[in-house]
Amino acid sequence: MSMTQDTAPPVAVFFSWGMFWLAVAFIGAGVFFIDGLDALLTAWQLPEYSHGPLIPILSGLLFLRQLKEYPIDPGPKRDRWVGVMVLLGALVVGTMGKLANISDIVAYATILWIGGLLLISFGWKTGKHFWPPVLHLVYMLPLPGVLYYKLSTFLQFVSSELGVWFLQLMSVPVFLDGNIIDLGTLKLHVAEACSGLRYLFPILSFSYIFAVLYKGPMWHKAVLLISAAPITVLMNSVRIAIGGLLVQEFGVEWLEGFTHFFEGWVIFLACILLLFALARIMLFLNPQKMGLVDALDLDTDGLVPQMLRVRYVRASTALIVSASAMVLASGIWAAIPERDVLRADRDSFALFPRQMGEWKQIGIRDILDPKVVRELKADDYHSVNFAKGNEPTVGFFSAWYKDQSQGGVHSPEICLPGSGWEIAWLERVDVAQELNHAGAFEINRAIIQKGETRMMVYYWFEQKGRKVAWDFAAKMYLVLDGITTGRKDGAMVRLTTLIADGETDADAAARLNEMMQEVVPALPRFIPGA
């Protein structure tokens, strides 16, 4: 940090005004960003983010190691105010997250605050070089829900495909249906837990540190960093193939308990070893011939003296302003009365009409599998089929969320491929004119198929009166509504119909359009604002 020249400072220096204002800044930040810190502690309890507590420690070690390259710089600095701007930006982002009641956004703002504090302490000229340890903190953050589910589904699909390919290489008769590996005698479901995310996040963090410590050219570092993801996917596919082989030979009980745990740790260590092997290969392309140990900067000498440099911190104007801003922001937020959030009054889907126009419900309401319900995380859902005359039935499904920040905005675009359906065609269209609807009415219109069976699907997201097709846009409206009204409720609506033999796609679309004319007016009773 910005230091005064003194090689042997007395103990009293630890109680200087600089240390006082630094402590005030940390206390103010701790109070203001407490929601984000709480979200991190909650996320770190999940298997995918269980490595999270190690990330700040590793980032701290990276910072101390890098700090050795910069001697104590006495005197005032004029380029601290860039850091103040970054810190104020973190306050703005954190405030948005608190207003939206989305703690993850507050957690993201915390990293901005740390970067701003470093720039204030060291000035722009020196502080800008400490971006590697600050950027590494990103690996402790949970992914946004929409991105998490898209990535998890993609990795499940790729791992399943490669796993089946490895099984076929071992002459094991196998068939893949979505994420279900059919071994003939039994079926093995490649669940979300088998997507590889539990390995991917910690291995990405490891590869980042590995690349930072690697002494080779920059493109070597880039290769080592980028290769972590494909190595993880490859080895997770091998893990799935081994699991299929064990099930085929010894039964599904071999995947339970210790065997499944041991199998996972073996694959994790294998990924690390492959990363080391890749680094060893890269050394052959390095003009400076050296061993793998020499290629990694593992020098940890002098880290304690670097920690003690905190005693030299200066009570600069920028630090005082920043610390005061944190305390002021925390005080203002605590003084603001809790907002009266509009209550989303609604009827349960159990009261959904059984007849709308000429369309009548057939059969009873579909009850989803408990595993699907846990994955859906909806507060209420409805799944029924409607029929009219001899026409193919139309399936209606809707899931309502009281708080979409806790796992809502689930897109069928993610779920359908995992069920074995292939999306043959997908477009986003505005059907407001066809439905005589005032304002935009954007939906996703898709054709899905499984074997020779084809279906047409309409789906959209209800965001308090907005008809949204894009799941990322739905997430942005969730943040906006959280800031402006405090409400985080919303829903997804889906209509499906079989494209029967002899029918055209236009016939199926006309049937869904007709059903929409009946369904849309009935939705506000069950989805507030629809």
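Residues numbered from 1 in each chain as written. Predicted model: local features only at pLDDT ≥ 70, side-chain atom pairs only at ≥ 80, totals over all residues. Heavy atoms only, no water.

(A) Examining the pattern of salt bridges more closely. A complete count under the given rule lists 14 salt bridges for this structure. The shortest N-O distance in the salt bridge between lysine 467 and glutamate 462 comes to 2.8 Å. Take lysine 467 and glutamate 462: they sit in the same class, and that class is buried. The partner of arginine 466 in a salt bridge is aspartate 481, with the nearest N and O atoms 2.8 Å apart. Note that arginine 466 is positioned in strand 11 (residues 466-468) and aspartate 481 in helix 18 (residues 471-484), a separation of 15 residues in sequence. Residue classification places aspartate 481 among the buried positions, given a relative accessible area of 5%. Residues participating in the shared-partner salt-bridge network are Arg346, Arg365 and Asp380. (Salt bridge = Lys/Arg side-chain N within 4 Å of Asp/Glu carboxyl O. Buried < 20%, exposed > 50% of the residue type's maximum accessible area, 1.4 Å probe, protein only. Helix = DSSP H or I, 4+ residues; strand = E, 2+ residues; numbered from the N terminus.)

(B) Structural detail: the packing of helix 9 (residues 218-226) against helix 10 (residues 228-250). With their axes 4 Å apart at the nearest point, helix 9 and helix 10 run at an angle of 30° to one another. When the axis of helix 9 is compared with that of helix 10, the two are roughly parallel. Across the interface between the two elements, Leu224, Leu225 and Ile226 of helix 9 pack against Ala228, Ala229 and Pro230 of helix 10. Looking at the contact of helix 9 with helix 10 residue by residue, the class counts come to six nonpolar, no polar and no charged. (Axes fitted to C-alpha atoms, helices over the stretch in contact; angles between N-to-C directions. Parallel < 35°, antiparallel > 145°, perpendicular 65-115°, else oblique. Contact = heavy atoms within 4.5 Å. Nonpolar A, V, L, I, M, F, W, Y, C, P; charged D, E, K, R; others polar.)

(C) Inspection of the packing of aromatic side chains at higher detail. In total, this model carries 22 aromatic pairs according to the counting rule given. Judged by centre distance (5.4 Å) and plane angle (85°), the rings of tryptophan 17 and phenylalanine 20 are edge-to-face. Here the residue tryptophan 17 and the residue phenylalanine 20 both occupy positions in helix 1 (residues 17-32), the gap between them amounting to three residues, near one helical turn. The interplanar angle of 15° and the centroid separation of 4.7 Å between the aromatic rings of phenylalanine 352 and phenylalanine 396 together place this pair among those described as stacked. Of this pair, phenylalanine 352 sits in the loop between helix 14 (317-335) and strand 4 (355-356) while phenylalanine 396 sits in strand 7 (residues 394-401), and the two are 44 residues apart along the sequence. With relative accessibility at 4%, the residue phenylalanine 352 sits in the buried group. (Phe/Tyr/Trp six-rings, centres within 6.5 Å; stacked < 30°, edge-to-face > 60°.)

(D) Structural view of the nonpolar core. By size, the foremost hydrophobic cluster in this structure holds 38 residues, and its most contacted members are Phe63, Phe130, Met140 and Ile203. When residues of this core are traced back to their parent elements, those giving at least two are helix 2 (34-43), helix 3 (54-67), helix 5 (103-127), helix 7 (145-169), helix 8 (197-213), helix 10 and helix 11 (257-283). Of all hydrophobic cores here, the second largest spans 34 residues; its members include Phe352, Leu512, Val519 and Leu523. (Core = buried A, V, L, I, M, F, W, Y, C linked by side-chain atoms within 4.5 Å.)

(E) Region of interest: unusual backbone geometry. Here serine 171, not a glycine, exhibits a phi torsion of approximately 65°, which is positive. The topology assignment puts serine 171 in the loop between helix 7 and strand 1 (175-177). Despite not being glycine, lysine 377 shows a phi value in the positive range, around 60°. Secondary-structure assignment places lysine 377 in the loop between helix 15 (370-376) and strand 6 (380-387).

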